[in-house]
Number of protein chains: 2
Amino acid sequence: MNLQAIYHKPKSNFCYAYNENVIHIRLRAEKGDIKKVFLVYGDKYNWNEKQELVMKLTCSDDLYDYFTIEVTPKSKRLAYYFKIEGDNETFYFTEWGLINDINEKEVYLHFFQYPYLNKEDIHIVPEWVKDTVFYQIFPERFFNGDTSNDPDKLTKWGELPTSDSFYGGDLKGIINKLDYLEELGINGIYLTPIFEAPTNHKYDTKDYFKVDSHFGDLEILKELVSKCHERGIKVILDAVFNHCGYFFEPFQDVIKRGEKSPYYDWFHIHKWPIETNPPSYDTFAFTYYMPKLNTANPEVRDYLLKVARYWIDEADIDGWRLDVSDEVSHAFWREFRRVVKEAKEDAYIIGELWLDAYPWLKGDQFDAVMNYPLMRALLQYFAYENISNNQFKELINKIIMRNTMQVNEVMFNLIESHDTSRFLTECNKNVKKLMMAATFLFTYIGTPCIYYGTEIGMEGGYDPDCRRPMEWDKRAWNLELFNYYKKLIKIRKQNKVLRRGSFEWINDLEEIIGFIRKYEEEKVFVLINNYNFDKKVTLKIDGKYIDVLTGEIF
Amino acid sequence: MNLQAIYHKPKSNFCYAYNENVIHIRLRAEKGDIKKVFLVYGDKYNWNEKQELVMKLTCSDDLYDYFTIEVTPKSKRLAYYFKIEGDNETFYFTEWGLINDINEKEVYLHFFQYPYLNKEDIHIVPEWVKDTVFYQIFPERFFNGDTSNDPDKLTKWGELPTSDSFYGGDLKGIINKLDYLEELGINGIYLTPIFEAPTNHKYDTKDYFKVDSHFGDLEILKELVSKCHERGIKVILDAVFNHCGYFFEPFQDVIKRGEKSPYYDWFHIHKWPIETNPPSYDTFAFTYYMPKLNTANPEVRDYLLKVARYWIDEADIDGWRLDVSDEVSHAFWREFRRVVKEAKEDAYIIGELWLDAYPWLKGDQFDAVMNYPLMRALLQYFAYENISNNQFKELINKIIMRNTMQVNEVMFNLIESHDTSRFLTECNKNVKKLMMAATFLFTYIGTPCIYYGTEIGMEGGYDPDCRRPMEWDKRAWNLELFNYYKKLIKIRKQNKVLRRGSFEWINDLEEIIGFIRKYEEEKVFVLINNYNFDKKVTLKIDGKYIDVLTGEIF
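Below you will find a few notes about this structure. (Residues numbered from 1 in each chain as written. Chains lettered and ligands numbered in written order. Predicted model: local features only at pLDDT ≥ 70, side-chain atom pairs only at ≥ 80, totals over all residues. Heavy atoms only, no water.)

### Side note on the sheet that holds strand E21 (residues 502-505) of chain A
Residue and element names in this part refer to chain A.
- The strand order across the open sheet built from 3 strands is E21-E22-E23, with neighbouring strands paired in antiparallel fashion. The two strands at the open ends of the sheet, each matched to only one other strand, are E21 and strand E23 (522-528). When strand polarity is set aside, the average angle formed by the axes of neighbouring strands in this sheet is 20 degrees.
- Relative to E23, strand E22 (residues 513-519) runs antiparallel, the two sharing 7 bridges. Pairing of Tyr519 across the sheet is with Glu522, part of E23.
- With respect to the sheet, helix H9 (residues 389-402) is in contact with E21 and E22, its orientation differing from that of E21 by roughly 150 degrees.
- Docked against the sheet, helix H12 (residues 431-443) engages E21, E22 and E23, running at close to 160 degrees with respect to E23. (Pairing = 2+ DSSP bridges. Helix = DSSP H or I, 4+ residues; strand = E, 2+ residues; numbered from the N terminus. Axes fitted to C-alpha atoms, helices over the stretch in contact; angles between N-to-C directions. Contact = heavy atoms within 4.5 Å.)

### Looking at the pattern of salt bridges
- This structure, assessed with the given rule, holds 95 salt bridges over all chains.
- In this structure, the salt-bridge partner of Asp62 of chain B is Lys398 of chain B, at a minimum N-O distance of 3.4 Å. Linking Asp62 of chain B in the loop between strand E5 (56-60) and strand E6 (64-71) with Lys398 of chain B in helix H9 (residues 389-402), this pair joins segments that are 336 residues apart in sequence.
- For Asp62 of chain B, a relative accessible area of 35% translates into the label partly exposed.
- When the shortest N-O distance is used, the salt bridge between Asp313 of chain B and Arg309 of chain B registers 3.1 Å. With Asp313 of chain B and Arg309 of chain B both in helix H6 (residues 298-315) and 4 residues apart, this pair spans about one turn of that helix.
- Here Arg309 of chain B falls in the partly exposed class, since its relative accessible area comes to 31%.
- It is possible to trace a salt-bridge network through shared partners that takes in Glu127, Lys130, Asp131, Glu409, Arg499 and Arg500 of chain A. (Salt bridge = Lys/Arg side-chain N within 4 Å of Asp/Glu carboxyl O. Buried < 20%, exposed > 50% of the residue type's maximum accessible area, 1.4 Å probe, protein only.)

### With respect to the packing of aromatic side chains
Residues and elements named next belong to chain A.
- Inspection of the entire model under this criterion finds 137 aromatic pairs over all chains.
- Ring centres 5.2 Å apart and planes at 85 degrees place the aromatic pair Trp333 and Phe336 in the edge-to-face group. With Trp333 and Phe336 both in helix H7 (residues 330-343) and 3 residues apart, this pair spans about one turn of that helix.
- Overall, the relative accessible area of 0% leaves Trp333 in the buried class.
- Exposure remark for Phe336: the relative accessible area of 0% places this residue in the buried category. (Phe/Tyr/Trp six-rings, centres within 6.5 Å; stacked < 30°, edge-to-face > 60°.)

### A few points about the sheet that holds strand E18 (residues 368-369) of chain A
Residue and element names in this part refer to chain A.
- The 8 strands are arranged E18-E17-E16-E15-E12-E11-E20-E19 in an open sheet whose pairing can be described as parallel. Both outer strands of the open sheet, E18 and strand E19 (412-413), are each paired with one neighbouring strand and no more.
- Relative to strand E16 (residues 319-322), strand E15 (residues 234-239) is paired through 4 bridges, and the arrangement is parallel. Bridging across to E16, Ala239 finds its partner in Leu322.

These figures come from the coordinates and say nothing about function on their own.
In structure tokens:
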């Protein structure tokens, strides 16, 4: 047995409270190495009534098998160890490691524990997110609904963007296109920043309390949100709290007054007078016009928390997406969560995070992150075709095991965004590939998000090319794709099993992949033939089934 | 190479901020499996200036080698991967696993990261703790300084205790014995609970805002603390926040009024009228007279936080030891830390925790825990002699690697407490064994604590026997032990290297163990012959050395 491969940690993604009663336990071991694992568990103050359960081999990645189980400790206290059977040997696995014999009297000093399931420590995620299909809008590029607030120099709608282009898109434009969005079927909108800022992307905030005048004003934002709410559409805004813009008043005050400015400690100033090339202050990504905010300063924290609360209270938004969230302190995000959830209990908090985001997803900070790791797997498999069916499954399993199940269930899943090239471009305009990736996205665990225009076949390389103005000329749309997206959204909305169901790979499908989602009495089988396998694959299933794409009944 | 054995996680005990500039990185691999590990690191926005450093094999446990390094990222942003060399193969280890070739363009989606070293996330520990030797007092059993406040029925001082014995020890008694404590040399006192409660141990609080009348009152506590402070002695109290006592007024109100009581939700009531056998409410360890407090209720949190703050503000105490800390919510402890550190920036927060306590020691909750895992290792090695020299070293290494170095440096290290048998009893009265264990405790990383009476050779089995009244008759003392303890304390106080130095095992010492502590120009070598190895062991050292026990100069 590969003893070094065996891993478990309480109070981590390997042992966490799923809800008020249930604790999820995972154990990792070398792939194929272990025949059987038992969880032996009980209350440390009443160990005599211990119980023993067989754990299930739930999934595997390239190196490991993952065994899982859920337990419901009667007294909310859980002490436990694992009994691990290999081919010719049995080990007991406790906090102190692997041993040949267990001393049950050492429960206090020896066993793994989830000492008490306290309600406040449970990561409760917003339930509505599971029922939502998001649509990401880059407001400057969606639709120009009010030409009176246009910037001076407009690039013609339809031309390719540069970093500095302005097209005149605004909030009124989104309001005008709500019929379109409702027809598409989405019921959540995520807007990239809309607050006063000089650039087209507005990630360089000048005024956190003001809607950018080229986009509209508070009243129009309110109108947008309330009209969305009337249609059952939730609205998420973008919180850019890692850094502000160069023209943010407190930063301008520091430029002018240096240490005499009351805002001097709002930033990380290395030298004054301020220099911009290279910046004499901490910035986002060495970008001089994005000075990093100093969240170690309580005044800065208070200010940003006020912003977070203001837009919920004023405009009734339903959550925040957090820009560059990994570079802001955990301490700040904990306060942020408290304030936001106080303002709106079921607000959705999504971090921008490209990494294994578990340190931010333990329940005290975010509800989910933009699932870039999933995007990467979908690109490798569907677009680049540089991983096998099995490797894809292993990657997905690895991503699932990184986080708790409640987080996976509300993960913000995407295949492209304003920060990546378009998926269709990455797969050389092969629409079938995009349709397969979308099929996966809409039938997998978590909440899908469509980046504006994906659904009609918009292309584009990396920023600024991925931020082209929305194509409104239907003659230029890929209607097959558009109708397929509409269908996927409809199927997801009609089948709770796709929004709430468990996830399990189907084995022995030869050269295609497939998985089952189960919820109560319902099951959905999803089959994807990514590598043009041209033989017949037989799937044995009992009962009556409907092909949700064609409506055919079996 | 055992690929499955290789482990690393950012934002964990494997990668954490040690201070405002330095990040500690650890990598785990199978023991003996790896020849060399390089850390390749840089700023993700400026990867061209990446650097490469060789990591050091710092220590090993039974299964693993641990490689460590510290880095100082110039821009406070750290992206990194490992280059791992085995006998005939080289792997690159990123967040996605082990690969044969690295694509340096995938830094965003591929590398490990500590995205930004934010000041607020650094675990800052109280510096004074490193210079402190604690003395734990169970007030009812230390000294009766005021017979006018004695309980009605007193057991004679010197007789063996039962669970219900009272001896009359009190705060005045501690004040009276400060000369003794100063002579011994300690400069920190940890008192088990002193607030109004019916039992002798007072873990069943009746009134959190009142000193128990058998122990004294607020004025006497203030006098104790201020007299301690005059002598440079810090004072820590015991916060019993997991549960209250049966006679806590809010609980009594619930007993009387049930759901009509405004305190009904302060507890976890399953059934009313209240039953005690078995309890119809959550308790500590099924003990009816210790009802668990419901910290999910904000009123309870506010109440307990007020208590935490009150005794710092009123009596100027220097920190809190937290009873049954593992069963209280993390959410509560985070608020607790905020409130306590606001009241006194360098207050010391110690959890009672018998487990791997890392989930509580990340910087947002406690500064340290009672180091029961270390106690267990010392018992196994010195008292029971059931592990070898090597196994002991491996155990200690395992314990070190569980936590960050700043936590290890202020860990509350002990060999016995009011919740264990006496060490001397566990080693069958073999005083030499106790002296060896104490030698380890006083020369190891972390803050030693003496449980009252250890220093004079008090014995006792598990509770209540470990809570015998302090022996004040010098004729009954083991003077050799007492003088040795005084010497150990003095040596620790005189040698900063023992309080601040690094820790490293000395290899090739045949059948004894030894380690070096280093700090600036100073070095201490500690050699312990636990298994009566009777051959001469040669240690080659340069320069002049003093035998700190005998004063002899080499």
